[in-house]
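# Notes for the structure review
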Amino acid sequence: MHQPAITGSGVFTPSEVITNDELVAAFNAYADRWNAEHAEAIAAGAAEAVAHSSSEFIVAASGIERRYVLDKTGVLDPEVMHPWLPERAMEDPSVMAEMGVAACRAALDMGGIDGAEIDLILCAASNHERAYPAIAVEIQQLLGAGGFAFDMNVACSSATFGIQAAADMIRAGSARKALVVSPEICSAHLEWRDRDCHFIFGDVATAVLIEREEEATGPRFTIRSTRCATQFSNNIRNNNGFLRRTRKGHMEDRRDMQFMQNGRKVFKEVLPMVSAHIADHLAEAGVAASDLKRLWLHQANKTMNDYIGKKVLGREPEPGEQPNILQDYANTSSAGSIIAFAQHSADMTDGQMGLICSFGAGYSVGSVIVERRG
Ligand code: COA
């Protein structure tokens, strides 16, 4: 058995930013237009007027202040309200592969290794832009990697489940050097016309490089232990899929073909699930909560993270102990905890331990206990 370690991490951040104020101005313009168009039905009580959104609500309910997106022009156009991401020619790299490769290159640079040395790539994300061939196989080709690659999807927990899968393969010897890459184009599965959720997502790609620890050349995070769990729930759901076509062969514009959630229920059900999961994982691994120097949590909601941080540590986390990045990136699905890890781990010293934890649709929860070495 080989000991796996994270030797690099990388983040690709799109260049376009949407602030809450910009987003709310576009949403409210859309609401006004919709209400004017449906004035008669609203007056007759046959339709409900769309209420205005507000930046104050968004910050208070979520902690989100802005988000990065691949295209803001479409999202902020009240006539469009979704990103413009033109279909690409088959000879060109797909969007997810392109952003995934950028994150992978950053992780490879950090680990000081070449793409050709990689023999396993997992593209672990909430959505994949086509059914096949796998995005991971395209990334493999673009990086000049060998071995094998495949896509996997466990929604917001995709990256941590991917880390467990890659770490187990490295332990067993079926892979030697792996990349777990999470390109998340959340802007394309968010219903920007739904006031209850129009503010929650952003776009990003992350990658982690995992190797046999004995082959690491620089500082690394030993993967001490991983733990994954799932429990079926409809409270976060997206029905889009290959059965979407209607009898007439048309594609439908249906609300359930985008992200939907019952946010309040998610809060109530996922928080105890995650807190118990982390407590059990730590106990099983023989690690005390007081041994954890840092928590890199899933980035969906600030209140949620404050609650989990307090529950796990048994006290208010000190500044820097549980870093949030959601104020800048919003919820980036599986990539969130990895952005937090990539941006807030360089200062850790030999022997310090931390926990990466993601959770979301499924329900699913994945945790990874790491120890800094070197
Ligand atoms: N602007 C202004 N007011 C809004 C609003 C908006 N954009 N959206 C909702 N509201 C109002 C509602 O109308 C409601 O008003 P009411 O109480 O008068 O009926 C009130 O705010 C509360 O709405 P609610 O949806 O219950 O808000 P919330 O405090 O639960 O926050 C979420 C909403 C989505 C941020 C929050 O539920 C959440 O983050 N849940 C967990 C999400 C999660 O982890 N999901 C995983 C996804 S991967």
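Our subject is the structure listed above.
Quick caveat: nothing in here was measured; it's all calculated off a predicted structure.

## Some details on the site of the ligand
Close to the ligand lie 19 residues, the nearest being Cys 156, Arg 195, Gln 261, Arg 264 and Asn 301. Within the backbone of Gly 263, one N or O atom sits 3.4 Å away from a nitrogen atom of the ligand. About the coverage of the ligand: the protein hides 72% of its 970 Å² of free accessible area. Contributing elements (two or more residues each) for the shell around the ligand: helix H3 (55–62) and helix H8 (263–285). If you tally residues by element for the shell around the ligand, the top one is H8, at 4 residues. For the shell around the ligand, the residue count by class is 9 nonpolar, 7 polar and 3 charged.

## Topic: the side chain of Thr 206
For Thr 206, the location among the structural elements is in strand E7 (residues 203–212). The residues contacting Thr 206, other than those within four sequence positions of it, are Gly 10, Val 11, Ala 103, Val 180, Val 181, Ser 182, Ala 335, Ile 338 and Ile 339.

## Structural notes on unusual backbone geometry
Between Tyr 132 and Pro 133 the backbone carries a cis peptide bond, its omega angle lying at 0 degrees. With respect to the secondary-structure elements, Pro 133 resides in the loop between strand E4 (120–124) and helix H6 (135–143). In the segment running from Gly 362 into Tyr 363, the intervening peptide bond is cis, with an omega of -10 degrees. Relative to the helices and strands, Tyr 363 is located in the loop between strand E12 (353–360) and strand E13 (364–373). In the Ramachandran plot, Ala 155 falls in the positive-phi region, its phi being about 50 degrees despite a non-glycine side chain. Looking at the element boundaries, Ala 155 is found in the loop between strand E5 (148–152) and helix H7 (158–172). Assessed through its relative accessible area of 16%, Ala 155 is described here as buried.

## Overview of the environment of Asp 114
Within the secondary structure, Asp 114 sits in the loop between helix H5 (95–111) and E4. Spatially, the C-alpha atoms of Asp 114 and Gly 144 are 8.9 Å apart, while their sequence positions differ by 30 residues. Polar side-chain contacts of Asp 114 include one of 3.0 Å to the backbone nitrogen of Ala 116.

## Here's the deal with the environment of Ile 185
Take Ile 185: it is sitting in strand E6 (residues 177–185). For Ile 185, a relative accessible area of 14% gives the class buried. With 13 residues separating them in the primary sequence, Ile 185 and His 198 have C-alpha atoms 15 Å apart. In this view, Ile 185 contacts Leu 70, Leu 85, Val 95, Met 96, Met 99 and Asp 203; residues no more than four positions away in its chain are not counted.

## A few points about the environment of Ile 113
Relative to the helices and strands, Ile 113 is located in the loop between H5 and E4. Separated by 96 residues in sequence, Ile 113 and Leu 209 have C-alpha atoms that sit 9.6 Å apart.

How each quantity is defined
Residues take numbers from 1 onward in each chain, read along the sequence in its written order. Confidence filtering applies because this is a predicted model: local features only for residues at pLDDT of at least 70, side-chain atom pairs given and counted only at 80 or more, and all residues used for totals across whole chains, interfaces and linings. Excluding hydrogens and water, the side-chain values take into account all heavy atoms of the structure. Throughout, the term near means that a residue has one or more heavy atoms lying within 4 Å of the molecule or strand in question. Here a polar contact is recorded for every N or O atom pair within 3.5 Å, except that within protein the pair must consist of a potential hydrogen donor and a potential acceptor, and residues adjacent in sequence are included only if both atoms are side-chain atoms. Accessibility throughout is a Shrake-Rupley quantity obtained with a 1.4 Å probe, and a residue counts as covered only by protein chains that appear here. Every helix listed is a DSSP run of H or I at least four residues long, and every strand listed is a run of E at least two residues long, numbered separately from the N terminus. Any residue that is not Ala, Val, Leu, Ile, Met, Phe, Trp, Tyr, Cys, Pro, Asp, Glu, Lys or Arg is counted as polar, Gly included; the first ten are nonpolar and the last four charged. In what follows, a contact means two residues having at least one pair of non-hydrogen atoms within 4.5 Å. Type-normalised accessible area, obtained with a 1.4 Å probe on protein chains alone, sets the label of each residue: buried when under 20%, exposed when over 50%, and partly exposed for intermediate values.

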